[in-house]
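# Structural features, examined
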Amino acid sequence: VKYVYDFSEGDKDMKDLLGGKGANLAEMTRLGLPVPPGFTITTDACRAYLKDGEVPESLGTEVTRYLRAVEDKLGRKLGDATDPLLVSVRSGAKFSMPGMMETVLDVGLNDKSVEGLANIAGDAHFAWDSYRRLVQMFGKTVLDLDGELFSDALEEMKEKRGVKLDMDLTTDDLKELTEQFKTIVKEQTGHPFPQDPREQVDQCIEAVFRSWNTERARIYRRRERIPHSLGTAVNICTMVFGNMGETSGTGVCFTRDPSSGHSGVYGDYLMNAQGEDVVAGIRNTHPLSDLETQDKKSYDELLGIMRTLETHYKDMCDIEFTIERGKLWMLQTRVGKRTAAAAFRIATQLVDEKLITKDEALERVSGAQLTQLMFPQFDASAERTMIAKGMAASPGAAVGGVVFDNDQAEAYASQGKKAILVRRETNPDDLPGMVAAEGVLTARGGKTSHAAVVARGMGKTCVCGAEALRIDATARELRIGDKVFHSGDIIAIDGTTGEVFEGEVAVEDSPVTTYLTHGLEAGLEACKGQKEDEDLVHAVARLMEHADSRRALDVRANADTPEDAQRSVDFGAQGIGLCRTEHMFLGKRRKLIERAILSEPDSNERQEALDELEKLQTGDFEKMLPIMDGLPMTVRLIDPPLHEFLPDLVDLEVKVAVAEAKGEECEEDKKMLTAVRRMHEANPMLGLRGVRLGLYFDGLFELQIRALVGAAARLKKAGKDPCPEIMVPLVGSVNELRYVREEAEKIIASIEQECGVELNIPIGAMIELPRAALTAEALAEEADFFSFGTNDLTQTTWGFSRDDVEGVFFPEYLEKGILGVSPFETIDRRGVGRMVEIGAENARSTKADIKLGVCGEHGGDPESVRFFDEMEMAYVSCSPFRVPVARLEAGRAAA
Ligand code: PEP
Ligand code: MG
C-alpha cells in the first residue's frame, strides 16, 4: 500500500484518504498556488496504526523518501545545523474536527539547528522562542505531559523578569526557559527531549494517530455523527514563519461575507505572529483590508488567489495564510462553514453570479438548515442566565411560567398565558398539558422519549433529560441546584441547544416560517425592513420553488386534527398520508375507548360508548375533509397499543389494595381491575393492536368506516370533493386484509346507495411487519395502495422496542459505534431499507403501478427521503412542520 502522497500527487476529491486539509492542500498545489512543499500520510496508515497498535513499517521508509524529496526541492535538510528545514505536523480528518486533534509546529529544532535558524533568520530571539515552543508543544501533545508544568515555568520566568508578554523575554531568558522545559521532559518521562529531528517527526506522527481516539475527539464525533472508523490523515508541511518581524504575519479570510454571501474582503490579519496567536485571540487582529497599506504586493496576490479558489470550488472558501518576510504562503483552504441563513443566501448569490446552476444551489442547502430557520428564535442580543442544560429535543425558543400538570397548563392557556410544562418525564396522559403549554421540559428521557417525539410532532419546543432538575410535582416545586421555582415563575428553554434559562428571554418569530405558511409577501413583511432577513426570505423562496419543480416525490402530512390539517395545507402538503385515528381518542375521549374496550361484549354500556365514539368521529371527519378538499386524506383505522389506552395495572392494583385495607367502597375499581387484568399484555407493542384489535373487537372499525364514508358522502352531495382513503394498520396476512376489506366495501356500498353518490374510496394497508413486506405480492391482491409504516417496520425488523430502547441502551450502542445513528431517526438502508425494497418489488409484481408511500417518522428525515426517492415511492408523509423540509429534500434528491 501507498501510505504517503506528496501535495502534488493528490486532489480535492481524495478526502477519504488524505483528509480534508490534505486534499485541499493538494488541490491548491495543483492549481499552482504558493503552498509550502510537503506531503500527506493517509488515513489508511492511521487505521493500520489503530488496528495493530504500531506504525506500519513501510510507512517509515516512505516518509524518508518524501522527506528527502522536500529537502532536495528546498536545498535544506531537516534539523541541519546551518540551514535547517523545519516542518509542521498536523492532523486532518475527512470531516473537520476543529481543535480536537493534535498539531506540532517547528519540528526539527534541536540544540544545534536552533543556532542555524538564528543565523539564517538573523534573529536569535525568534529562533529560541520557536525552540521553547517546540519543546512545550511536544511535551504536552506528544508526550502527554501536563501543560501547566510548562506554562507555570513560563509565568514564573516572566514574573522574575518583571515582564508581561512572552515576547518581552530576552533571548537569554528564552534559552534558560528552553533548558527548563527540557529538564521537565527528562524528569517526567525519564528520557531527554529527542535531539534527532527524524525521531521528533516519527513521534509526532504517532501522536496525531493516537489523538484520533482521545475522549474529546470521540465525544465530538458522536455529536457530529462522524464514524469512529475513519481515522485521520497527517500533513507534514514545510514551516513558514509569520513571526519573523514586521514584514511577516498570518491571517484567516473568507472569499465572501460568510453571513450575507456578498462578495468583498473579509478576514483578520495579525502582524509578526503565528497562526495559533490569531486563533487564541491573545492579541487584537486587524481587518484584512489594512494589509493593503502594509503590504500591497501580498494583498493583491491574496485577493487574486481568493478569486481563483472561489471560481475553482464554486463556493465560498475560507483560507489560512502566512506571509514570511513579504512572501505569501497558503496554509489551508476549505469550503467555508456557514450558518443556515448564510447557506441559503450564498447559494442564491452564486446562482445570480452564474457560478453555479439552480440544481447545484439545492446541493448547497439542507433540510436541517431549513428546520433551523423555521423555529422561533431567542433574540441573539438578549441577556440570559443559564440554569441547566438538557437534550435539544425539539427546536425552538419558548418562554413561560413553570407549570407542573395538565390542569395548570390548561388554566394558563385559557387565560392566554404562556407556560412551560415541567415534568420528570411525560406519558400520553400529559398530552393535554403539552398541547396547552408553550414548551416542555423534562428531567429524564432522551431525544426519542415520549416528550421529545410528541413535541417534535407538534412543533413544540422541548428540552428533555435535563438531569439537574429536581421536580416535586405534588408540591409543585422545581429545584435546580439551590434555586427553587414555583408555579408561574418564568423560565425560558431553547430546544435548539438544550439550554434552560432563568426569567424572560426575548423571542422572535421566524420570517421564514411566515413565508412558508403565508406566502412571499407576508414573509417579506415579517422582516420589518431588515435587509438581511428579506434577502433570506427571497433566497428560501427561490430554492423552495426550484425544489418543488424538481421533485418526483409528493409530500403529504401526518395530521389528526383540523388544525394540523390546515397547517399541513399551509406548509404545502399535497394531502394527508396518515390520520392516526387513535390520536383522536386521546385526552378526554380516552375514557370512552376505555369503556368500550373494558365493557362486556353486547352490553348496553359498550353500545353506548361505540355510538358516542361514532358521533365524535363523524364530527372529526366532517371538519377535516373540507380542509383537505380535492386532496387525498388517508385515514388509518384505529391502532391503539392497549397500554396507551387502559389504566395502568399496577396503579389500579395498588388503588384497590389501599381501598380494601381501609375498608372503603371500591366495587367500580375492582370491576375495572378484573377487566384490565383480562386485557393486560406483557408486550403490548406486539399485542392486540391494529387490524388484530379490529378483528377481535366487533364494531370498532365499522363505526370508523361509517363515520368517514358518511361524512364523505354528505360532502360530496354538497358539491365538495372529498378524497378519503381507508388504511388498515399492522397487517401481517392477506386474510386479515381481505376480511376488513369485505366489511368496508359493504359499508361503502350501502352508504353510496343510501346517499345516491359514488365515492371511489381506495382501501389499502400499512406495511409495518416483515411478513407484510415478504408477502406483499399476496397483500396487493386486496390492496389499492400501501404505505410503509417505517416506525413499526424498524421495531419489528430489528426486534427493538421503539418505546424503550432509545433511553436505555442506544446511548451505549452509539458510544461504542455499534450504531452510527438511531434507526428510528434515519432509515437503516441495509436492513429495514431492504425490507422496504422487497415489499415494493413484491407489491409491484402483482400490480405494476400500485401507489406506494411512506408514513413513518422517516418521511421527514433528509437522509431517508433520499432513499424513498430511490425506491420511487409516490409520496412521503411526515409531521406538518417537517413538510417544507421534506419538499426541499425531495427536490435535492431529484436534482
Ligand atoms: C409506523 O409504524 O411507521 C406508523 C406510521 O404508525 P405508528 O407510528 O402510528 O405506529
Ligand atoms: Mg405503526
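Just so you know, these numbers come straight off a predicted model, no measurement behind them.

### Here's the deal with the overall build of the protein chain
Within the protein chain, the secondary structure is distributed over 37 helices and 33 strands. With the C-alpha coordinates aligned to their principal axes, the bounding extent of the protein chain is approximately 105 × 65 × 60 Å. In the protein chain, which comprises 895 residues, the share counted as buried stands at 54%. For the protein chain, the share of sequence-separated contacts (at least 6 apart) that also reach a separation of at least 24 residues comes to 67%.

### Overview of a nonpolar patch on the surface
Side chains of V650, V654 and V658 sit close together on the surface and give an oily, nonpolar patch of about 240 Å² of accessible area. By the element assignment, V658 lies in helix 25 (residues 649-661).

### Here we look at unusual backbone geometry
One non-glycine residue, N272, adopts positive backbone phi at about 50°. In this fold, N272 is placed in the loop between strand 9 (263-271) and helix 10 (275-280). Despite not being glycine, D602 shows a phi value in the positive range, around 65°. Locating D602 in the fold gives a position in the loop between helix 23 (590-598) and helix 24 (604-627). Its relative accessible area of 78% is what places D602 among the exposed residues.

### With respect to a negative patch on the surface
Side chains of D146, E148, D152, E156 and E159 sit close together on the surface and give a patch of like negative charge. Mapped onto the elements of the fold, D152 is located in helix 6 (residues 147-161).

### Digging into the pattern of salt bridges
The tally for this structure, following the rule as stated, stands at 60 salt bridges. Two residues, R829 and E870, come together in a salt bridge whose shortest N-O distance is 3.1 Å. Of the two residues, R829 sits in helix 35 (residues 829-846) while E870 sits in helix 36 (residues 862-870), which places them 41 residues apart along the sequence. When salt bridges that share partners are traced, they join D129, R132, R133, E155, K158 and D166 into one network.

### Here's the deal with the nonpolar core
The biggest cluster of nonpolar side chains holds 150 residues, and the ones touching the most others in it are F344, L370, F786 and M873. Once residues lying within four places of it in the same chain are set aside, the contact partners of F786 are A765, I767, A776, L779, A780, A843, I850, K851, L852 and G853. Of all hydrophobic cores here, the second largest spans 57 residues; its members include F39, V104, A207 and F209.

### Considering the coordination of the magnesium ion (ligand 2)
Protein-derived coordination of the magnesium ion (ligand 2) comes from E768 (OE) and D792 (OD), at a distance range of 1.9 to 2.0 Å. In this pair, E768 sits in the loop between strand 30 (763-767) and helix 30 (770-774) while D792 sits in helix 32 (residues 790-798), placing the two residues 24 residues apart along the sequence. Taking relative accessible area as the criterion, D792 reaches 3% and is therefore assigned buried.

### Some details on the packing of aromatic side chains
Counted under the stated rule, the structure contains 17 aromatic pairs. Through successive ring pairs, a cluster of aromatic residues spans W798, F800, F809, F810, Y813 and F824. Sitting over the face of the ring of F501, R384 holds its NZ or CZ atom 5.6 Å from the ring centroid.

### A word on the site of ligand 1
The local shell around ligand 1 holds 13 residues, among which R580, R636, G789, N791 and R802 are the closest. Separating an oxygen atom of ligand 1 from a side-chain N or O atom of R636 is a distance of 2.8 Å. Bound to the protein, ligand 1 loses 95% of the 290 Å² it would expose on its own. Of all elements in the fold, only strand 27 (576-580) and helix 32 reach the threshold of two or more residues within the shell around ligand 1. Among the elements that make up the shell around ligand 1, the one with the highest residue count is helix 32 (three residues). Partitioning the shell around ligand 1 into residue classes produces three nonpolar, four polar and six charged.

### Observations regarding the side chain of S113
Inspection of the secondary structure assignment puts S113 in helix 4 (residues 113-121). At a separation of 2.9 Å, a polar atom in the side chain of S113 contacts the main-chain carbonyl oxygen of G108. Beyond its immediate sequence surroundings of up to four residues, S113 is in contact with G79, D80, A81, P84 and G108.

### Some remarks on the confidence of the model for the protein chain
Per-residue confidence for the protein chain gives a mean pLDDT of 91; residues scoring 70 or more make up 97%. Our summary of model confidence lists the complex with pTM equal to 0.80 and ipTM equal to 0.99.

### Points about the sheet that holds strand 8 (residues 249-256)
For sheets, the rule is that strands pair by backbone hydrogen bonds, running either parallel or antiparallel. Taken in spatial order, the five strands make up an open sheet running 10-9-8-11-12, and their pairing is antiparallel. Every interior strand has two partners, whereas the edge strands, strand 10 (286-287) and strand 12 (327-335), have only one. Two elements, strand 8 and strand 9, share seven bridges in a ladder whose sense is antiparallel. In the strand pairing of strand 9, G251 is matched with Y269.

### A look at the sheet that holds strand 15 (residues 391-394)
Sheet architecture is open: eight strands sit in the order 14-24-23-16-17-18-19-15, paired in mixed fashion. Since the sheet does not close on itself, it has two edges, and those belong to strand 14 (385-389) and strand 15, each with one partner. Each strand axis lies, on average, 35° off the axis of its neighbour in the sheet, ignoring direction. Bridge analysis of strand 23 (residues 490-494) against strand 24 (residues 499-502) gives four bridges, and the strand direction is antiparallel. Among the inter-strand pairings, I491 is bridged to a residue of strand 24, identified as E502. Sheet strands touched by helix 16 (residues 406-414): strand 16 (397-403) and strand 17 (419-423). Its angle to strand 16, the strand with the most contacts, is close to 120°.

### Here we look at the environment of V883
Mapped onto the secondary structure, V883 falls in helix 37 (residues 883-894). Judged by relative accessible area, which is 0%, V883 ranks as buried. Along the sequence, V883 and G817 sit 66 residues apart, while their C-alpha atoms lie 31 Å from each other. For V883, the residues in contact, after removing those within four places along its chain, are V555, R556, A557, F571, G572, A573 and C878.

### A look at the environment of P562
With respect to the helices and strands, P562 occurs in helix 22 (residues 562-570). A C-alpha to C-alpha distance of 5.0 Å links P562 and M624, two positions 62 residues apart in sequence. Sequence-distant contacts of P562, that is, excluding residues within four places in its chain, are made with K623, M624 and I627.

### Remarks on helix 28 (residues 700-717)
End to end, helix 28 covers 26 Å across 18 residues, agreeing with the expected 26 Å (1.5 Å per residue, within 8%). Counting buried positions along helix 28 gives 14 out of 18 residues, so the element sits mostly inside the fold. Of the residues flanking the end of helix 28, it is G719, one or two places downstream, whose phi is positive at about 90°.

Parameters at a glance
Each chain carries its own residue numbering, running from 1 in the written order of its sequence. All chains are assigned letters beginning at A, and all ligands numbers beginning at 1, according to the order in which they are written. Local features are withheld for residues below a pLDDT of 70 in this predicted model, meaning they are given only at 70 or higher, and side-chain atom pairs are given and counted only at 80 or more; totals for whole chains, interfaces and linings count all residues. For the side-chain quantities, the full set of heavy atoms in the structure was used; hydrogens and water were omitted. Note on conventions: DSSP H or I runs of at least 4 residues are helices, E runs of at least 2 residues are strands, and numbering of each starts at the N terminus. Buried residues are those whose accessible area, probed at 1.4 Å on protein chains only, stays under 20% of the maximum for their type, while exposed residues exceed 50% and partly exposed ones sit between those limits. Should any heavy atoms of two residues lie within 4.5 Å, those residues are counted as being in contact. Distance thresholds for patches are 9 Å for like charges and 5 Å for nonpolar side chains (Val, Leu, Ile, Met, Phe, Trp, Tyr), applied to residues having over 30% relative accessible area and no salt bridge. For the accessible areas, the method is Shrake-Rupley and the probe is 1.4 Å, while residue cover comes only from the protein chains on display. Salt bridge, as used here: a side-chain nitrogen of Lys or Arg that lies within 4 Å of a carboxyl oxygen of Asp or Glu. Think of it this way: Lys and Arg go in the positive column, Asp and Glu in the negative one, and His and the chain ends go nowhere. A charge is said to be at NZ when it belongs to Lys, at CZ for Arg, at CG for Asp and at CD for Glu. For this analysis, a nonpolar core means a set of buried residues of the types Ala, Val, Leu, Ile, Met, Phe, Trp, Tyr and Cys, connected via side-chain atoms within 4.5 Å. As a rule, N, O and S atoms within 2.8 Å of a metal are its donors, except that Na, K and Ca use 3.2 Å; water is not among the atoms, so sites may look incomplete. Centre distance within 6.5 Å is the pairing criterion for rings of Phe, Tyr and Trp, where only the six-membered ring of Trp is used; planes under 30 degrees apart are then read as stacked, over 60 as edge-to-face, and the remainder as tilted. Only Lys NZ and Arg CZ are tested; either one counts as a charge over a ring when it is within 6 Å of the ring centre and within 35 degrees of the ring normal. Near residues are defined by distance, with any heavy atom within 4 Å of the molecule or strand qualifying the residue. Under this definition, polar contacts are N or O atom pairs within 3.5 Å; protein pairs additionally need one hydrogen-donor-capable and one acceptor-capable atom, and for neighbouring residues in sequence, both atoms have to be side-chain atoms. Three categories are distinguished: nonpolar for Ala, Val, Leu, Ile, Met, Phe, Trp, Tyr, Cys and Pro, charged for Asp, Glu, Lys and Arg, and polar for the others, with Gly belonging to the last. Per-residue confidence from the predictor is reported as pLDDT, which spans 0 to 100. Two strands qualify as a pair provided that DSSP identifies no fewer than 2 bridges between them. Axes, fitted as lines to C-alpha atoms, cover a helix only where it is in contact. Angles between the N-to-C directions of the axes lie from 0 to 180 degrees. Multiplying 1.5 Å by the residue count of a helix minus one yields the expected span of that helix.

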